[in-house]
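For reference, the chains in residue letters:
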Amino acid sequence: MNLWALPSTCTEPNVRIMLLNTNKEKAKPVITTIRLNQILHNAYDLLSREKHYINNLNVFPVPDGDTGLNMTLTLQGALNSLKSYPLDSIDIQEYLEHFTESMTLNSRGCSGVILALFCQGISKSLKSTDKSEPISNHHISIALCNGYELAVRETNDPREGTMLTMMKVLAERFDEYEKKERKNVLIIAKRIIPDLEETLKQTPEMLPVLKKAGVVDSGAMGFLVLIKGIAFELEYSESIIKPIFTIANILLISKYVRSFVSGRKYGKQNHLVKTVLTGIPSKNISNINLSNIINLFNNLLQKKDNGKLIESIIQKSDELSETWNPNIKFRYCTEFILESVSLNKAELRSNLSNWGDSLIIIHSNNIFKIHLHTNKPKALLKFCEGLGKISSTKIDDMKKQHRNLISEDKAYYEKDMAVLLIVNGSGFADILRGLGVTDILFYKKIKPSVSQIQNALLKTRAKNILVAADDSDILPALKSAITLSKSNIELIESYNVIQLINIMYNYSEIQDILQNAKMIRENLDNIKFCKIAKATRDFTEENITVKKGDFFSIYQNRIILSNRQKETVIERSILKLKDTETLITFYCDKNGNNTNKIVSKLQSKFDNITFESYYGGQNKYDYYITFE
Amino acid sequence: MKKKILIIAGDNLGIANKQIDYKDFAYMKFPVIINDEEFKESEEYTAAYLIERFKKEKVTAHTQALLKGDLIKIVESAKDKYDVIFHVMMGSRMSAATFQMCEQVRKEYADIIPIINIDSGQVVSGVGSVLLRLIELFKTSDDIASITAKMTEITEKTFTYLCLPDLGFLYRGGRIGKARSLMGSILKIIPVVGLIGDETDQGVLPIGKGRTKQAVNKVIIENIKQKMQKYKIEAIKQIVILHMEDNDSPELKDLEAQINKELKFEKLIVGHPRFCEAVHTGPGAWAATFSLK
């Protein structure tokens, strides 16, 4: 029996699709493009709100806890790209075509890519519509079937109990209801929701790994949320979020029950542990398996020495633990766009299938969107560079994401990439923010601890973080914090604030984290600069004697000159260091009140150079002076 | 027999009409709204006129989509005289309304005269550059299919970089796209944005930033060098550069000097700023378009 088979209507050959009622005489568009855009925005809002709940269900194919985020970012990218389109002058087919194309380009993770395939099938189906007539429900029905079929056909090893099953039920029920009731498409969609909810409940029975993990499928849940958003099933003020324990809590409770029934004695705490375990309100347990374990445990407490019950609790607890802690065979979720006029999909599939698993390819014109789990993402990208033009690369470390999912201090990802810079000086912090830094860890005199850096990394809520500090002394703490972080981190080993500014000159949000890190490392030392400080003791270095209270200039970690007068040190430093540069910038500390005077004097002496000054607020040096 | 081909474009070309060496050329003017009053390019209403008003009166300005009536007028008068019409358009992401309108007209006239809409994916000198490359192709062939295919390759290998001292103009004109990330700096920076033919995102993209005019010119040179390396290009086919206020400005001279020093190329054209372009660039901007293949 073909599990993936659909009603025969869906396979009607070459049906020309028109929109709306089958009663052509009274036909009027059910949905305008503007309305469709509103509907999709509503679905996006709902999905975005529920994403963390969906993330917590993510156990299949890999428990990396990002299904909700991936679906949200996929939809967000597609809707953002449509902002520049004149919605009042394009028809639904054109809207869907642009929407689907953007969705393909922005799709992330298995769930995002399968969703993009589903939409591509719908769009292709509706594209052939006779535009002089409105779209009928019948044609929407066929489009849903085509969307489902494309999603199944292009997914490697499609499984029942996932988002694909939900798509099938949606297509089947829509077909059934539109024949029976000639109603508005949204009313039909609303009618299907109970069927989808029932199917969602059944997903653990269809996919054993879900049952063992005690959850429904995350992608299927995400799909239900989307359909609810589309059908305006929920007002924005309502929520489908149920009280839920984190995965870490679920595993911990299960572990406690297991050790309790295995005979572990908790001494004086024995009674307390029992009270806590039996006192967990069942409404707070959304994990089906844990709920069963607790029920069995309560039964056991009433029927002492029941060996079978104990065995059953231990078995379920072990299953729960194993399912949430699998051996991740292929570590990196890798995605990219490949453009090629000569490649065909079958050839590409055969070229890529040996690199890992979960391969999904979406093909549109000369563009291939590729999703693959592999252990060699960089080698894979290099290989694919030989096949065509690569862009929009994204590599997620699923082991790190999994560690995050099951940890007690779970990070709730909101975005793909962030830049975290650790900096002294409030002026510099503002300057860096203005240059596009998303996150700043600002410190005054005391350098940040491992735990402060770890918190700052967590606060970025990003899967990928580019991180750097303005002092090499911070590097050891930074490296320790990185080992504790669950995000994928690229460390730029910088050691001064001017390099941080340079990082932001070279950072581009359209590049992925690896491309950015490469470009930044290549150009890290491109800005020439010196530092001016006041001596707090007498010393001699590089044959230059500096007396307490003198000012001295440091260039490339060496003292180049000193003098009693600050202005003299500055002017001589400029004369010594300037080459063909045309802009000299002063970043002063909090005592730099007279900087403007110094700058205007210098401006009159150096005609061909522009001088600018900014407040840096740094502790150590009176000035950083850059030459650009 | 040689085919009779008409080329149509808007007036956002980054080159002057006199630089277009093709007699069968018609162009439409984008409506420019300045303080709620409509203007179109003329001898009086030029880029210099608008920039002057930006500086002195702080006026607000925006552009509107091309008018369908203007296009139909051209197509109507051309349909019996020509075998085919090529319409070189600005990037569809930059003015989706114009693109949709042109597509509608193409479909409406499908049985009367073939219209080939070329989505240049570009603005300013990028559109002009694609237009000049098309004219060059007509000199060697009139095979429509091969010209169309070649044009796809040309647009994919066309890269425009704009140095915009004030991104506010791009923002107010609704074209900022991802380049928004370059806004709001405390440091005086010159942002470089680009329309990059081989990017899947055909909007305005943030390319880089620098504090000096030489530095941003270097950003452009380094970017195009990377593209040349990527496509194994020895010499660039055509470069168009222009300044919105003064083609003799030090920054454009510096860019020209860096190009001459660092890049191999076949042709360098100094373009001409157009009225509607000044709306989105504002004063002090300069641009360079590289057509690699």
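Note that the structure is a prediction, hence the values are computed from the model and not measured.

(A) Structural view of the confidence of the model for chain B. Overall, the prediction assigns chain B a mean pLDDT of 92, with 100% of residues at 70 or greater. ipTM for the predicted complex: 0.78, alongside a pTM of 0.70.

(B) Spatial organisation of the packing of aromatic side chains. Residues and elements named next belong to chain A. By the definition in use, this model includes 23 aromatic pairs over all chains. Ring centres of Phe-428 and Tyr-624 lie 5.7 Å apart, and the angle between their planes is 85°; this geometry places the pair in the edge-to-face category. Residue Phe-428 is found in helix H17 (residues 426-434), and its partner Tyr-624 is found in strand E18 (residues 623-627); the two are separated by 196 residues along the sequence. For the pair Phe-428 and Tyr-624, one class covers both residues: buried. The interplanar angle of 25° and the centroid separation of 6.1 Å between the aromatic rings of Tyr-587 and Tyr-614 together place this pair among those described as stacked.

(C) Structural context of the nonpolar core. Grouped together as the largest cluster of nonpolar side chains are 99 residues, with contacts concentrated most on Tyr-95, Phe-99, Phe-118, Met-167, Phe-223, Val-257 and Trp-324 of chain A. Broken down by element, the residue count for this core peaks at 10 residues, all from helix H4 (residues 109-127) of chain A. Inspection of this core shows a minimum of three residues originating in each of domain 1 (8-232) and domain 2 (247-323) of chain A. The residues touching Met-167 of chain A, leaving out its near neighbours within four places in the chain, are Ile-114, Leu-115, Phe-118, Tyr-148, Ala-151 and Phe-223 of chain A. With 80 residues, the next largest nonpolar core counts Leu-6, Val-59, Ile-74 and Met-89 of chain B among its residues.

(D) Structural view of the sheet that holds strand E12 (residues 268-270) of chain B. Residues and elements named next belong to chain B. The strand order across the open sheet built from six strands is E10-E9-E8-E13-E11-E12, with neighbouring strands paired in mixed fashion. A single partner strand is all that each edge strand has here, and the edge strands are strand E10 (205-210) and E12. Pairs of neighbouring strands in the sheet enclose a mean axial angle of 20°, with direction left out of account. Sheet contacts for helix H8 (residues 250-262): strand E11 (238-243), E12 and strand E13 (286-291); angle to E11, the most-contacted strand, approximately 160°.

(E) Structural detail: the pairing of strand E9 (residues 462-469) of chain A. Residues and elements named next belong to chain A. Along E9, eight of the eight residues are buried, which leaves the element largely enclosed by surrounding structure. Summarising the sheet, strand E7 (residues 415-424) and E9 pair through seven bridges and their orientation is parallel. Along E9, the bridge assignment pairs Ile-422 with Ala-469. Bridging between E9 and strand E10 (residues 488-492) involves five bridges; their strand directions are parallel. Bridge pairing in E10 places Ala-468 opposite Ile-492. Where the polypeptide runs from E9 across helix H19 (residues 475-484) and back to E10, its parallel neighbour, the crossover connection is right-handed.

(F) Region of interest: the sheet that holds strand E4 (residues 356-364) of chain A. Residue and element names in this part refer to chain A. One open sheet accounts for four strands, arranged E4-E5-E3-E6; its pairing is antiparallel. Either end of the sheet is taken by a strand with one partner, and the two such strands are E4 and strand E6 (389-397). Across the sheet, the mean angle from the axis of one strand to that of its neighbour is 10°, orientation sign disregarded. Note: strand E3 (residues 332-339) against strand E5 (residues 367-374), eight bridges, orientation antiparallel. Bridge pairing links Glu-335 to His-371 in E5. Each of E3, E4, E5 and E6 is contacted by H4, which is oriented at about 30° to E4, the strand it contacts most.

(G) How the structure looks around the layout of surface pockets. All names here are of chain A. In this structure, the second largest pocket encloses a volume near 720 Å³. Along its surface, the second largest pocket is lined by 38 residues, and Phe-60, Pro-61, Val-62, Cys-110 and Ser-358 are the ones closest to its centre. Here the residues of the lining of the second largest pocket are counted per class, giving 17 nonpolar, 14 polar and seven charged. Two domains share the lining of the second largest pocket, each providing at least three of its residues, namely domain 1 (8-232) and domain 3 (335-402).

Definitions and limits used
All chains use their own residue numbering, which begins from 1 and follows the written sequence. To label them, take the chains in the order written and letter them from A, then take the ligands in the order written and number them from 1. For a predicted model such as this one, the threshold for reporting local features is a pLDDT of at least 70, and the threshold for listing and counting side-chain atom pairs is 80 or more; totals across whole chains, interfaces and linings nevertheless cover every residue. To get the side-chain values, all heavy atoms of the structure are used, and hydrogens and water are removed first. The quantity called pLDDT is the predictor's confidence in a given residue, expressed from 0 to 100. Side-chain rings of Phe, Tyr and Trp (the six-membered ring for Trp) are treated as a pair once their centres are within 6.5 Å; stacked means planes under 30 degrees apart, edge-to-face means over 60, and tilted covers the remaining angles. Put simply, DSSP marks the helices as runs of H or I at least four residues long and the strands as runs of E at least two long, and each gets a number from the N terminus on. For every residue, the accessible area obtained with a 1.4 Å probe (protein chains only) is divided by the maximum for its type, and the residue is called buried under 20%, exposed over 50%, and partly exposed between those limits. As used in this record, nonpolar core signifies buried Ala, Val, Leu, Ile, Met, Phe, Trp, Tyr and Cys residues forming a set joined through side-chain atoms within 4.5 Å. Delimitation of the domains relies on an automatic or database domain assignment. We call two residues in contact when some of their heavy atoms are within 4.5 Å. By this definition, two strands are paired if DSSP reports at least two bridges between them. Orientation is described by lines fitted to C-alpha atoms, with helices fitted over the stretch in contact, and by angles between N-to-C directions that extend from 0 to 180 degrees. Orient the strands so they point away from the viewer, and a crossover whose first-strand-to-second-strand path over the helix runs clockwise is right-handed. Each cavity reported here is a set of points on a 1 Å grid over the protein atoms alone in which a 1.4 Å probe fits but cannot get out, each pocket an open set with protein on both sides within 12 Å along at least five of seven lines, and each lining residue one with an atom within 4 Å of a point. Grid points are joined across faces, edges and corners, and a volume is the space filled by probe spheres set on the points. As a working rule, the residues Ala, Val, Leu, Ile, Met, Phe, Trp, Tyr, Cys and Pro are called nonpolar, Asp, Glu, Lys and Arg charged, and the rest polar, with Gly in that last group.

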